[in-house]
Amino acid sequence: MTGQAGKIETLVRVGYFSRAILYITLGLIALGALGQISQGTAGIFETVDSIPGGNALLWVLVIGLTAYALFRFASPAFDIEHKGSDAKGWAQRIGHAGSGVGHLALAWTAYQFATRDAGRGGNGAAEAAQGVLSFGLGGTVIGILGIGFFAAAFAQAEKAVTAKFMDKISPAAPSQTKLIGRIGYATRAVIFTIIGWSLIETGFFKEGSGNVKTLGEAVASLAGTGWLLTVVAIGLLTFGLFSLVLARYRTIPDIEAHARKAASR
């Protein structure tokens, strides 16, 4: 492995670690252990900011979530996960792109908190969507992203059922990895469906961007559902633990090699 490839792998692993912090914090908030779920995504970063060393951790989240987003963008660009170029493959790759956009929005919100921006605490996803909607065909772009999230939700559900994700995890991973992965991916399927519908509704059926949801807002929309919110909260915590496993044991594709191969075509 070249030095450059090693640096990229390290950044991706930091990305998985950041994702773990994000989901564990949100799961605890959803259970009522930290903050109020009504705060949505802002509540996650508000909670992180309030703990000792929280500002430093926010910067780790900024870097890690950005790195993870770029890793997801490498899927549609270079097909690093070998999804192929048929209809199903492109649907999954577009879903990865949607995940990239979502994690960039989370990274931006983390950056606002890390820099103590006066405008922090707003809905960063809504602000970004408003910018896209201001352009011609902007609504169509957002709607297509929503379809991408639906495709991603289907892929998450498929992983939960088949456990194919184990093919990309080292055999040295803990024995309960398959179980916690299945629970986590099933939970993500629910969350991605909510996010996808919010994008489709905004892009194709409604004016304005206030309905766009990111991770925290999607979970907050389940407030008042009783047992369903509790089940989702436990699933979020489980996916956070699974992300910690991935940070250590996930097999990271060589993005540099895929980029060189794509450039030579």
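Residues numbered from 1 in each chain as written. Predicted model: local features only at pLDDT ≥ 70, side-chain atom pairs only at ≥ 80, totals over all residues. Heavy atoms only, no water.

If you check an unreviewed UniProt entry, the chain appears there as DUF1206 domain-containing protein from Erythrobacter neustonensis.

## Re the UniProt feature "transmembrane region" (unreviewed entry) in the chain
Filter applied, for reference: UniProt positions are given in the numbering used here, feature names are shortened, and annotations may be inferred rather than shown by experiment. Counting from the N terminus, the helices are the DSSP runs of H or I reaching at least four residues and the strands are the DSSP runs of E reaching at least two.
The residues that UniProt annotates with the feature "transmembrane region" (unreviewed entry) are residues 20-37, 57-74, 94-111, 131-155, 185-205 and 225-247. Helix makes up 100% of residues 57-74 and strand 0%. Its end C-alpha atoms lie 25 Å apart. In residues 94-111, helix accounts for 100% and strand for 0%; the two terminal C-alpha atoms are 25 Å from one another.

## Brief notes about the nonpolar core
To keep it simple, the criterion reads: Working definition of a nonpolar core: buried Ala, Val, Leu, Ile, Met, Phe, Trp, Tyr and Cys residues. They are joined through side-chain atoms within 4.5 Å. Each residue gets one of three labels from its accessible area relative to the maximum for its type: buried under 20%, exposed over 50%, partly exposed in between, using a 1.4 Å probe on protein chains only. When checking whether two residues touch, look at their non-hydrogen atoms; a contact exists if any pair is within 4.5 Å.
Formed by 58 residues in total, the largest nonpolar core has its most connected members in Tyr16, Phe45, Leu61, Ile191, Val219 and Phe242. Counting only elements with at least two residues in this core, the list comes to α1 (3-30), α2 (40-50), α3 (54-78), α4 (87-114), α6 (138-162), α7 (177-205), α8 (215-220) and α9 (227-249). No other element matches α9, which puts nine residues into this core. For Phe45, the residues in contact, after removing those within four places along its chain, are Leu22, Leu58, Leu61, Leu65, Leu106, Thr109, Ala110 and Phe113.

## Comments concerning α3
Rules: Expected helix span is given by 1.5 Å per residue-to-residue step, counting one fewer step than there are residues.
The terminal C-alpha atoms of α3 lie 35 Å apart, and with 25 residues this matches the ideal 36 Å at 1.5 Å per residue to within 8%. Two residues or fewer after α3 comes Asp79, characterised by a positive phi angle close to 55°.

## Here we look at the side chain of Glu201
You can see Glu201 is positioned in helix α7. Ignoring sequence-local partners within four residues, the contact set of Glu201 consists of Lys206 and Asn211.

## Quick word on α4
Here α4 is 28 residues long and its end C-alpha atoms lie 40 Å apart, about the 40 Å a rise of 1.5 Å per residue gives. Immediately beyond the C-terminal end of α4, within one or two residues, lies Arg116, with a positive phi of roughly 55°.

## Some thoughts on unusual backbone geometry
In this model, Ala163 sits at a positive phi of 60°, which is unusual for a non-glycine residue. Position of Ala163 among the secondary structure elements: in the loop between α6 and α7.

## Section: the layout of surface pockets
Our working rule: A cavity here means a set of 1 Å grid points, computed over protein atoms only, where a 1.4 Å probe fits but cannot escape. A pocket is an open set with protein on both sides within 12 Å along at least 5 of 7 lines, and lining residues have an atom within 4 Å of a point. Grid points are joined across faces, edges and corners, and a volume is the space filled by probe spheres set on the points. Residues are sorted three ways: Asp, Glu, Lys and Arg are charged, Ala, Val, Leu, Ile, Met, Phe, Trp, Tyr, Cys and Pro are nonpolar, and all the rest, Gly among them, are polar.
Approximately 490 Å³ is the volume found for the largest pocket. Forming the boundary of the largest pocket are 26 residues, of which Lys83, His96, Lys159, Phe165 and Lys168 lie nearest the centre. Among the elements of the structure, α1, α3, α4, α6 and α7 are those that each provide at least two residues to the lining of the largest pocket. Residue classes in the lining of the largest pocket are distributed as nine nonpolar, six polar and 11 charged.

## A look at the packing of α2 against α3
Definition in use: Angles here are taken between N-to-C directions and fall from 0 to 180 degrees, while the axes themselves are lines fitted to C-alpha atoms, restricted in helices to the stretch in contact. Roughly parallel here means an angle under 35 degrees, roughly antiparallel means over 145, roughly perpendicular means 65 to 115, and every remaining angle is called oblique.
Two elements in contact, α2 and α3, have axes whose closest approach is 6 Å; the angle formed by their N-to-C orientations is 135°. When the axes of α2 and α3 are compared, the pair comes out oblique. Mapping the contact onto sequence places Phe45, Val48 and Asp49 in α2 and Gly54, Asn55, Leu57, Leu58, Leu61 and Leu65 in α3. Grouping the constituent residues of the contact of α2 with α3 by class yields six nonpolar, two polar and one charged.

## Here's the deal with the pattern of salt bridges
We count it as follows: The rule for a salt bridge is simple: a side-chain nitrogen of Lys or Arg has to be within 4 Å of a carboxyl oxygen of Asp or Glu.
The tally for this structure, following the rule as stated, stands at two salt bridges. Taking the shortest distance from any N to any O, the salt bridge between Glu9 and Arg13 comes out at 3.0 Å. Taken as a pair, Glu9 and Arg13 lie in helix α1 at a separation of four residues, close to a single helical turn. With respect to class, Glu9 is no different from Arg13; both count as buried. The residue Asp49 makes a salt bridge to Arg116 at a minimum N-O spacing of 3.6 Å. Of the two residues, Asp49 sits in helix α2 while Arg116 sits in the loop between α4 and α5 (124-133), which places them 67 residues apart along the sequence.

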